[in-house]
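Overview (structure and organization)
These are the residues of each chain, in order.
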Amino acid sequence: MFSMTGYGKGEYKQDGIELTVEIKTVNNRYLDVSMKSPKIFNPYEDTVRTLVREKLTRGHADIFVGFTDKREKPKELAVDENAARSYVEAANRLRALFPELNYDFTVTSLMKSPDVIVQGEAQGADEALVGALQSALTGALDSLNRMREKEGEKLAADMLSRMDEIERLVNEIAVRAPMVAENFRKKMEERMREVLSGVEYDVSRLLTEVAVFADKSNIDEELTRLKSHIAQFRSICREERVGRKLDFLVQEFNREANTICAKSNDIAVTNAALALKNEIEKVREQVQNVE
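Below: a short report on this structure. Just so you know, these numbers come straight off a predicted model, no measurement behind them.

Quick notes on the overall build of the chain
The number of helices and strands found in the chain is eight helices and six strands. Ordering the α and β elements of the chain from the N terminus gives β-β-β-α-β-β-α-α-β-α-α-α-α-α. Going through the 291 residues of the chain one by one, you find that 33% of them count as buried. A fraction of 81% describes how many contacts in the chain between residues 6 or more apart in sequence connect residues 24 or more apart. With the model as given, the accessible surface of the chain reaches about 17,500 Å², and the carbon-plus-sulfur share is 50%.

What follows is the structure, encoded as structure tokens:
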């Protein structure tokens, strides 16, 4: 089991390239990746996202890339033609305004003018730099997953302990449930005796009312499903990617608990069912942190 929250860092230092990748993840229903990096890596965002999808299935991931390239690389000189043309036009206007001055504007002086010659790398992110990015990213993802796995173990332990409490409450309700109809019969019988003051009453009518009540308040199916859900929950917790499964299963827990509350005509059952709902809600909150 993995938590959706974590942090990982990966580094690459070799052959003059120093590159660092940091990843921070938080909860999110689906996988969402945001990358902040120098522009030189913009064409490789799809490569980054593909690697992330191999390691993560849910959560919001912020990726930060920083690098220093100390390699000696060939440079290329680019000419900003618009800037050069502007300098030439300005020189010609000055020559027309001041013909008495010596005109010594040359190509060499034009090259020395600001912004006319732009120096840049001969290439963008070359194969070595892209390889460094992939290596550092893989290291960051592995570091992130180690942290998320540790957090996931803690989440699993907490949820399983709450599942023990849920099972205890379900068993408590199961013991109490058969007594509800019998208690209802006794109360009805006492009331009829009080109201009728010794007059004979129709016992079959009383038994019919008790039978109808017992049918409406019967929660055997709900208790059976809850016990099945508990077993499924424990089984799923042994898997790695469990968030969506547990999210659906907790909804089913809530459905059964709500039905028990609705059918209950017994204060003890109602109190236990409310405590059950409270524990289920705590589990639901934790499931939102699980991938």
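Points about the environment of V21
Tracing the chain through its elements places V21 in strand β2 (residues 17–26). Along the sequence, V21 and G8 sit 13 residues apart, while their C-alpha atoms lie 8.3 Å from each other. Excluding residues within four positions of it along the chain, V21 makes contact with G8, K9, G10, I63, F64, V65, L133, A136, L137 and A140.

Here we look at the nonpolar core
Formed by 32 residues in total, the largest nonpolar core has its most connected members in I166, F233, L246, F253 and L276. A per-element tally of this core places helix α4 (residues 127–196) first, with nine residues. The residues touching L246, leaving out its near neighbours within four places in the chain, are M1, M159, F233, I236, C237 and V287. Ranked by size, the runner-up nonpolar core spans 23 residues in total, among them I17, V48, A61 and A136.

Points about the side chain of N254
With respect to the helices and strands, N254 occurs in helix α7 (residues 243–263). On the basis of relative accessibility, which here comes to 18%, the residue N254 falls in the buried class. When residues no more than four places from it in sequence are discounted, the contact partners of N254 are K277 and I280.

A look at the sheet that holds strand β3 (residues 31–36)
Adjacent strands of a sheet form backbone hydrogen bonds with each other and so pair up, either parallel or antiparallel. Within the open sheet, the four strands sit side by side as β1-β2-β4-β3. Their pairing is mixed. If you trace the sheet from one side to the other, it starts and ends with β1 (6–14) and β3, each paired once. Averaged over all adjacent pairs, the angle separating strand axes in this sheet is 15°, with direction ignored. The pairing of β1 with β2 spans nine bridges and is antiparallel. The partner of K13 across the bridge, within β2, is E18. Against the sheet, helix α1 (residues 45–55) contacts β3 and β4 (59–69), and its axis sits at roughly 140° relative to β3.

With respect to the environment of G66
The residue G66 is located in strand β4 in this model. Separated by 46 residues in sequence, G66 and T20 place their C-alpha atoms 5.3 Å apart. Ignoring anything within four residues of it in the chain, the contact list for G66 reads E18, L19 and T20.

Remarks on the packing of aromatic side chains
With the rule as written, the count across this model stands at two aromatic pairs. With a centroid separation of 5.3 Å and 75° between ring planes, the pair formed by F41 and F67 is classed as edge-to-face. Pair noted here: F41 is in the loop between β3 and α1 and F67 is in strand β4, with a separation of 26 residues, a long-range link. Classification of F67 by relative accessible area gives partly exposed; the value is 27%. With centroids separated by 6.4 Å and ring planes inclined at 80°, the aromatic side chains of F233 and F253 adopt a geometry described as edge-to-face.

Some thoughts on unusual backbone geometry
Even without being glycine, D15 reaches a positive phi, approximately 55°. Note that D15 resides in the loop between β1 and β2. With relative accessibility at 61%, the residue D15 sits in the exposed group. The phi dihedral of D115 falls on the positive side, at around 75°, and the residue is not glycine. Assignment of secondary structure puts D115 in the loop between α3 (107–111) and β6 (117–121).

Structural notes on helix α8 (residues 267–287)
For α8, with 21 residues, the first-to-last C-alpha span of 30 Å sits near the 30 Å given by 1.5 Å per residue. Residues of α8 that are buried: V269, A272, A273, L276, E279, I280, V283, Q286 and V287. Here the buried residues of α8 occupy an arc of 125° about the axis, which is enough to place them on one side. For α8, the N-terminal capping position is held by D266, with its side-chain oxygen 3.1 Å away from the main-chain nitrogen of A268.

Here is what the cut-offs are and how they apply
Residues numbered from 1 in each chain as written. Predicted model: local features only at pLDDT ≥ 70, side-chain atom pairs only at ≥ 80, totals over all residues. Heavy atoms only, no water. Helix = DSSP H or I, 4+ residues; strand = E, 2+ residues; numbered from the N terminus. Buried < 20%, exposed > 50% of the residue type's maximum accessible area, 1.4 Å probe, protein only. Contact = heavy atoms within 4.5 Å. Areas by Shrake-Rupley, 256 points an atom, 1.4 Å probe, with all protein chains shown as cover. Core = buried A, V, L, I, M, F, W, Y, C linked by side-chain atoms within 4.5 Å. Pairing = 2+ DSSP bridges. Axes fitted to C-alpha atoms, helices over the stretch in contact; angles between N-to-C directions. Phe/Tyr/Trp six-rings, centres within 6.5 Å; stacked < 30°, edge-to-face > 60°. Expected span 1.5 Å × (residues − 1). Arc of directions from axis to C-beta. Polar contact = N/O pair within 3.5 Å; in protein donor to acceptor, adjacent residues only side chain to side chain.

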